[in-house]
Amino acid sequence: MDLEVVRTFVAVAEAGQFQKAAADLSITQQAVSKRIAALESNLGVRLFTRAARGAELTIDGQAFLPHARELLRVAERAGASVRPGRRPLRVDVIASRSAQSGLMRGFHRAHPEIDLDVMMLFDIETAVTAIRSGAIDVSFRAVAAPGRPLPEDIEAVRVLDEPLQLLTGPAHALAGARSVTVAQLTGHRIWMPGIAPGTEWGAYYDDLVAEFGLTIEVTGPNFGSDALLDTISDTPALATFMGEHTRLIWPADHGLRRIPVTDPMPVYPHSLLWHRDNPHPALAALRTHLAATTTGKDAAGTWAPGWVIPR
């Protein structure tokens, strides 16, 4: 059913005159008459009786009026549900305890009036497809991986360089160090079963290994962070990397150590991705917030892969 025809019917019913309804709708009286005639033909009933004093609803018109008003209300709610600024900003982060999630918590504290819908997609290809389709508004990723430039309609800006830390158990040879240099990690086994080939974080650690001659093992199933922490705690020969802003909790008797890595400090480069034609007003607020609250990108003494977007 044509909503403009329904809207015209309601306008005539409320105005009591075709001429006044035409003025209210900014159309001609002839257009009003044609719309009402089309609606009556579609419904198979008379909706108005025409009299010198105006248009009066028939019994069928009185029965149809509340439903017509409800149709218009439903149409308005449907439009509002997807209208930019009236729906939540849909944001993709890699994990709930990641630095990216922390950035969004900070944004929510600064802008509690903005509704957010946070989700976790697997890799950059999935995220870019979702951005282009409109399924999400923004994604936090390390971009662009070698040989996979971003599509021209995707914008990206570097928002945070997150330092890596070495996580060891209490019996590890480096457990007592206040910090370790990258050179000191040579020959130590760094276990990271969550690295998936073909992902942007896989490309990042491939470059880290190639640059500094480190040994990163990805063998074994990935049972999640709890299993990883249990194994690191119990195995003196193993360590793992963790982002400085990653929030993990473990039992006190694990005795785990988080040790800064220096000389140079490897950083994981987080960028924000969005479609250049995305009109959601909260996107501008998010970008402004991140620009004002994150610093240190490409700082002296840090290392990030050369393929990462530098801005």
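For the structure, check the block above.
Presented here is an overview of the structure given in this document.

## As for the side chain of Asn278
- One can find Asn278 in the loop between strand E12 (265-275) and helix H9 (281-293).
- Setting aside anything within four residues of it in sequence, one finds Asn278 in contact with Asp137 and Leu283.

## Some words on the pattern of salt bridges
- Applying the stated criterion across every chain, the model contains 13 salt bridges.
- In this structure, Arg50 engages Glu40 in a salt bridge whose closest nitrogen and oxygen atoms are separated by 3.6 Å. Here Arg50, found in strand E1 (residues 48-51), pairs with Glu40, found in helix H3 (residues 29-43); they are 10 residues apart in sequence, far enough to count as distant.
- Owing to a relative accessible area of 44%, Arg50 belongs among the partly exposed residues under this scheme.
- Here Glu40 falls in the buried class, since its relative accessible area comes to 10%.
- Close ionic contact of Asp92 with Arg141 constitutes a salt bridge, the shortest N to O distance being 2.8 Å. Within this pair, whereas Asp92 is found in strand E3 (residues 89-92), its partner Arg141 is found in strand E5 (residues 138-141), the two being separated by 49 residues in sequence.
- One network of salt bridges, in which partners are shared, links Arg87, Arg90 and Asp137.

## Focus: H9
- Taking 1.5 Å of rise per residue, 13 residues should cover 18 Å, and H9 covers 19 Å from first to last C-alpha, within 8% of that figure.
- Of all the positions in H9, only Ala282, Leu283, Leu286, His289 and Leu290 are classed as buried. The buried residues of H9 occupy an angular sector of 125° when projected down its axis, which confines them to one face. Exposed positions of H9 whose direction lies more than 90 degrees from the buried face are Thr288, Ala291 and Ala292.
- In this structure, the buried side of H9 is in contact with E3, helix H5 (99-110), E5, strand E6 (154-168) and E12.

## Focus on the packing of H5 against H9
- Interaxial distance between H5 and H9 falls to 10 Å at its minimum, and their mutual angle equals 110°. Comparing the axis directions of H5 and H9 gives the class roughly perpendicular. Helix-helix and strand crossings are classified by hand; for H5 and H9 the assignment is right-handed. Every residue of H9 that contacts H5 at Leu103, Met104, Gly106, Phe107 and Ala110 is listed here: Ala282, Ala285, Leu286, His289 and Leu290.
- Considered class by class, the residues forming the contact of H5 with H9 number 8 nonpolar, 2 polar and no charged.

## A look at the nonpolar core
- By size, the foremost hydrophobic cluster in this structure holds 26 residues, and its most contacted members are Leu166, Leu185, Tyr205 and Phe241.
- Elements with a contribution of two residues or more to this core: E6, helix H7 (200-212), strand E10 (238-243) and strand E11 (257-262).
- Once residues within four sequence positions are removed from consideration, Leu166 is found in contact with Leu174, Val180, Leu185, Ala239, Thr240, Phe241, Arg257, Arg258, Ile259 and Val261.

## Describing helix H6 (residues 124-133)
- If you check which residues of H6 are buried, you get Ile124, Ala127, Val128, Ala130 and Ile131. Projected down its long axis, H6 carries its buried residues within an arc of 160°, all on one side. Turned more than 90 degrees from where H6 packs its buried face, Thr129 and Ser133 sit exposed.
- Elements in contact with the buried residues of H6: E3, E5, E6, H7 and E12.
- One or two positions beyond H6, positive phi appears at Gly134, with a value near 90°.

## A short note on a nonpolar patch on the surface
- Together, Met1, Leu3, Leu43 and Leu71 make up a nonpolar patch on the protein surface, roughly 320 Å² of accessible area in all.
- Tracing the backbone shows Leu71 in helix H4 (residues 59-82).
- Residue class for Leu71 comes out partly exposed when judged on its relative accessible area of 35%.

Scoring rules and cut-offs
- Residues numbered from 1 in each chain as written.
- Predicted model: local features only at pLDDT ≥ 70, side-chain atom pairs only at ≥ 80, totals over all residues.
- Heavy atoms only, no water.
- Helix = DSSP H or I, 4+ residues; strand = E, 2+ residues; numbered from the N terminus.
- Contact = heavy atoms within 4.5 Å.
- Salt bridge = Lys/Arg side-chain N within 4 Å of Asp/Glu carboxyl O.
- Buried < 20%, exposed > 50% of the residue type's maximum accessible area, 1.4 Å probe, protein only.
- Expected span 1.5 Å × (residues − 1).
- Arc of directions from axis to C-beta.
- Axes fitted to C-alpha atoms, helices over the stretch in contact; angles between N-to-C directions.
- Parallel < 35°, antiparallel > 145°, perpendicular 65-115°, else oblique.
- Left-handed = near helix turned anticlockwise from the far one by under 90°.
- Nonpolar A, V, L, I, M, F, W, Y, C, P; charged D, E, K, R; others polar.
- Core = buried A, V, L, I, M, F, W, Y, C linked by side-chain atoms within 4.5 Å.
- Patch = residues over 30% accessible without salt bridge, like charges linked within 9 Å, V, L, I, M, F, W, Y side chains within 5 Å.
- Areas by Shrake-Rupley, 256 points an atom, 1.4 Å probe, with all protein chains shown as cover.

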